[in-house]
Amino acid sequence: IDVIGKKALSLSRMISQLLILSRADQGREKLVMENQNFSELLELSVEEIRERAAERKITIYADIQPDIRREGDETLLIRMWMNLLNNAVAYGKQGGHIWVHLSQSADAATAVIRDDGIGIGEEDLPRIWDRFYQADPSRSSSDSAGLGLSMVQWIVKVHGGTIQVDSTLGQGTVFTLCFPDH
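So, how was this worked out
- Residues numbered from 1 in each chain as written.
- Predicted model: local features only at pLDDT ≥ 70, side-chain atom pairs only at ≥ 80, totals over all residues.
- Heavy atoms only, no water.
- Axes fitted to C-alpha atoms, helices over the stretch in contact; angles between N-to-C directions.
- Helix = DSSP H or I, 4+ residues; strand = E, 2+ residues; numbered from the N terminus.
- Left-handed = near helix turned anticlockwise from the far one by under 90°.
- Contact = heavy atoms within 4.5 Å.
- Nonpolar A, V, L, I, M, F, W, Y, C, P; charged D, E, K, R; others polar.
- Salt bridge = Lys/Arg side-chain N within 4 Å of Asp/Glu carboxyl O.
- Buried < 20%, exposed > 50% of the residue type's maximum accessible area, 1.4 Å probe, protein only.
- Phe/Tyr/Trp six-rings, centres within 6.5 Å; stacked < 30°, edge-to-face > 60°.
- Lys NZ or Arg CZ within 6 Å of the ring centre and 35° of its normal.
- Parallel < 35°, antiparallel > 145°, perpendicular 65-115°, else oblique.
- Lys, Arg positive; Asp, Glu negative; His and termini not counted.
- Polar contact = N/O pair within 3.5 Å; in protein donor to acceptor, adjacent residues only side chain to side chain.
- pLDDT = per-residue confidence, 0-100.

> Give me the lowdown on the packing of helix H2 (residues 38-55) against helix H3 (residues 74-90), citing residues and values where you can.
At a closest axis distance of 9 Å, the pairing of H2 and H3 adopts a crossing angle of 35°. Where H2 crosses over H3, the handedness of that crossing is right-handed. Only Glu74, Leu77, Ile78, Trp81, Met82, Leu85, Asn86, Val89 and Ala90 of H3 make contact with H2, whose side of the interface consists of Phe38, Leu41, Leu42, Ser45, Val46, Glu48, Ile49, Arg52 and Ala53. Among the residues making up the contact of H2 with H3, the classes are represented as 13 nonpolar, two polar and three charged.

> Tell me about the pattern of salt bridges, residues and numbers included.
Within this structure, the stated rule accounts for three salt bridges. In this structure, Asp67 engages Arg69 in a salt bridge whose closest nitrogen and oxygen atoms are separated by 3.2 Å. Judged by relative accessible area, Arg69 falls into the partly exposed class, the value being 38%.

> I'd like to hear about helix H4 (residues 148-158), residue by residue, with values.
Most of H4 sits out of view: eight of its eleven residues are buried. For H4, every residue scored as buried is listed here: Gly148, Leu149, Ser150, Met151, Val152, Trp154, Ile155 and Val156. One or two residues past the end of H4 sits Gly160, with phi positive at roughly 75°.

> Break down the packing of aromatic side chains for me, citing the residues and quoting the values.
The final tally for this structure, using the stated rule, is three aromatic pairs. Residues Phe38 and Trp81 carry aromatic rings whose centres are separated by 6.0 Å and whose planes lie at 85° to one another, so their mutual orientation is edge-to-face. Of this pair, Phe38 sits in helix H2 while Trp81 sits in helix H3, and the two are 43 residues apart along the sequence. Just as Phe38 is buried, Trp81 falls in that class too. Between the aromatic rings of Phe38 and Phe179, the centroid separation amounts to 5.1 Å while the plane-to-plane angle is 85°, which identifies the pairing as edge-to-face. Placement of Phe38 in helix H2 and of Phe179 in strand S7 (residues 172-180) is noted, with a sequence separation of 141 residues between them. In terms of burial, Phe38 and Phe179 fall into one category: buried. One aromatic cluster in this structure is built from Phe38, Trp81 and Phe179. Here Arg114 stacks its cationic end above the ring of Trp99, 3.9 Å away from the centre of that ring.

> Can you break down the packing of H3 against H4 residue by residue, with the values?
Axis angle and axis distance: for two packed helices, these are the angle between their axes and the distance between the axes, and together they describe the pair. Running from N to C, H3 and H4 point in directions that differ by 140°, and their axes come no closer than 9 Å. Compared by their axis directions, H3 and H4 come out oblique. Crossing of H3 against H4: the hand is left-handed. Listed contacts from H4 to Leu76, Leu77, Arg79, Met80, Asn83, Leu84 and Asn87 of H3 are Gly148, Leu149, Met151, Val152, Trp154, Ile155 and Val156. Of the residues contributing to the contact of H3 with H4, the split by class is ten nonpolar, three polar and one charged.

> Just give me the short version of the side chain of Asp115, but keep the residues and values in it.
Considering the arrangement of structural elements, one finds Asp115 in strand S5 (residues 108-115). This buried residue, Asp115, is left without a salt bridge; Arg114 holds the nearest opposite charge, at 8.5 Å. Within the structure, Asp115 has its side chain in polar contact with the backbone nitrogen of Gly117 (distance 2.8 Å). The contact partners of Asp115, leaving out residues within four places of it in the chain, are Ala88, His97, Ile98, Trp99, Gln171, Gly172 and Thr173.

> Would you mind going over the confidence of the model for the protein in detail, with residue names and values included?
Of the residues in the protein, 79% have a pLDDT of 70 or more, and the chain-wide mean is 84. Overall, residues 137-142 carries pLDDT values under 50, and its contacts beyond four positions in sequence, including any with other chains, amount to eight contacts.

Dropping the structure here:
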């Protein structure tokens, strides 16, 4: 029953992501843009993922500048942070580390999520944003459908930001998100 429950939850998440992406493709996804505390949303997401990280003995270090504010859709922003953090745990190494940084400069808020996990091969990097793409399905969790990073990229874009990735196979991955002041 436990396995069935977990699979049902996984399918529910996948369907939810597919519906959001489908509505986004058609320009029908309704965003609820409000003044959000980016710092608080990221802190909540880090706390949410800590238990799962602890199961794999992964230590999370968070350096989050307080009270960074942006216009945004709260549900989508939490999904963005959670997708990135879930990936860092899923592809992190046992006993590894995740570093989370958020800061505000004169003209932008910048977030960096870095891990020392399995990394992504150079040939796979351009395709990680594609729906359903998995760099190495044999090393992916069975719950992954390859939708998370395409969802993250879309969320960043609709919030006026950019995202880039740097990764070395066997050494880890760094996602850098930049949200310019408007």
